[in-house]
Amino acid sequence: MEELGNQEKSYMKVINYIKKQIHLGELSIGGKLPAERELSEILGISRNSVREAIRTLDNMGILESQHGAGNFLTGKFENSLKESLTMLFLLNQIDYNQISQLRRALELEALLLAIDNISDEEINSLSHLISQLEKGTEENNVILDKKLHYTIALASKNTLIVSILQALSEVLDRFIIDLRREILSQEDSKKGLMEVHNKMIKSLMTKDKKLAYEAINKHFDIIDEKLRGKEVTKNIQKP
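What counts as what
Residues numbered from 1 in each chain as written. Predicted model: local features only at pLDDT ≥ 70, side-chain atom pairs only at ≥ 80, totals over all residues. Heavy atoms only, no water. pLDDT = per-residue confidence, 0-100. Helix = DSSP H or I, 4+ residues; strand = E, 2+ residues; numbered from the N terminus. Contact = heavy atoms within 4.5 Å. Salt bridge = Lys/Arg side-chain N within 4 Å of Asp/Glu carboxyl O. Buried < 20%, exposed > 50% of the residue type's maximum accessible area, 1.4 Å probe, protein only. Expected span 1.5 Å × (residues − 1). Patch = residues over 30% accessible without salt bridge, like charges linked within 9 Å, V, L, I, M, F, W, Y side chains within 5 Å. Areas by Shrake-Rupley, 256 points an atom, 1.4 Å probe, with all protein chains shown as cover.

### Description of the confidence of the model for the chain
The predicted coordinates should not be examined in detail at positions where pLDDT is low.
For step 1, the next point in the chain: Residues at a pLDDT of 70 or more form 89% of the chain, whose mean pLDDT is 84.
For step 2, the next point in the chain: When the elements of the chain are averaged for pLDDT, helix α9 (residues 179–185) gives the smallest value, 72, and helix α5 (residues 96–117) the largest, 93.
For step 3, the next point in the chain: Predicted confidence is poor over residues 231–239, with pLDDT under 50, and the contacts of this stretch with residues over four places away or in other chains come to 17 contacts.

### A few points about the pattern of salt bridges
Side chains that differ in sign of charge can pair as their charged atoms come close.
For step 1, the next point in the chain: Inspection of every chain in the model, using the stated rule, returns eight salt bridges.
For step 2, the next point in the chain: With a closest N to O distance of 3.2 Å, R103 and E107 form a salt bridge. Remark: E107 and R103 occur in helix α5; sequence separation between them is four residues, near one turn of the helix.
For step 3, the next point in the chain: With relative accessibility at 10%, the residue R103 sits in the buried group.
For step 4, the next point in the chain: A relative accessible area of 7% means that E107 is categorised as buried.
For step 5, the next point in the chain: Members of the salt-bridge network, linked through shared partners, are R104, D221 and D224.

### Re helix α7 (residues 138–155)
Note on helix geometry: an α-helix contains 3.6 residues per turn, so any two residues three or four positions apart are oriented the same way.
For step 1, the next point in the chain: Its 18 residues give α7 an end-to-end C-alpha distance of 26 Å, which sits within 8% of 26 Å, the value for a rise of 1.5 Å per residue.
For step 2, the next point in the chain: For α7, the set of buried residues is N141, V142, L144, D145, L148, H149, T151, I152, A153 and A155.
For step 3, the next point in the chain: Positive phi shows up at K157, right after α7, with a value of about 65 degrees.

### Remarks on the environment of T137
For step 1, the next point in the chain: As for its placement among the helices and strands, T137 is situated in the loop between α6 (120–135) and α7.
For step 2, the next point in the chain: Residue class for T137 comes out exposed when judged on its relative accessible area of 51%.
For step 3, the next point in the chain: Taking the C-alpha atoms as reference points, T137 and L184, separated by 47 residues in sequence, lie 9.9 Å from one another.

### Comments concerning a nonpolar patch on the surface
For step 1, the next point in the chain: There is a patch of nonpolar side chains on the surface, built from M87, L90 and L91 and spanning about 270 Å² of accessible area.
For step 2, the next point in the chain: Within the fold, M87 resides in helix α4 (residues 78–90).

Next up, the structure:
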């Protein structure tokens with residue numbers, strides 16, 4: 001049996017091996033790692049150490065273990081980020097106001113980048129989402145609202161912004177249950193959001209960054225007003 005210190009070193013051997021393979025171009029997203037037995041022989045460590053490293057990387061979203069098929073590099077780092085943010089929230093290191101402030105900054109940058117990078121196909125998709133939101137049901141509008149913001153983030157062509165925004169959105173949805181539905185069901189905030197959503201799409205179509213700035217700030221003014229009036233509890237919604 002390996003001593004604790006050796007187990008830690010063995011774990012890092014697996015991590016460093018994967019980093020090296022990525023650096024050499026031998027491993028990329030979707031690529032399959034060698035089998036546990038092969039990794040054990042290559043690195044001269046026990047299969048238990050290999051298995052522990054793979055389990056950790058799976059939890060972090062770096063790898064995905066598929067039963068009977070093997071372990072694949074995925075790079076879904078938002079999973080790890082979401083859990084880290086959740087722990088920070090539970091430990092009172094961050095609060096919903098800080099999360100909203102960060103989202104405001106990132107969504108503004110995403111919209112400004114999207115103005116420069118968005119495709120005609122993405123603009124058409126957003127226009128279709130807006131028309132669906134205007135006549136959609138309350139339940140469906142919650143889904144459409146998230147999809148609209150996600151589509152704009154994707155149009156920024158900045159993977160890091162997309163991942164962080166996804167994680168922030170999931171944390172807020174987890175702790176402030178039904179907030180998005182509540183906002184979209186109340187006539188005043190629903191109307192206000194529809195107006196700013198239309199301005200956001202117009203800013204993309206006309207390449208108007210001043211309008212984008214105004215729309216995002218108005219959007220989060222509405223969100224923050226609702227947040228201030230809602231008691232936030234730290235009861236995680238069960239899946």
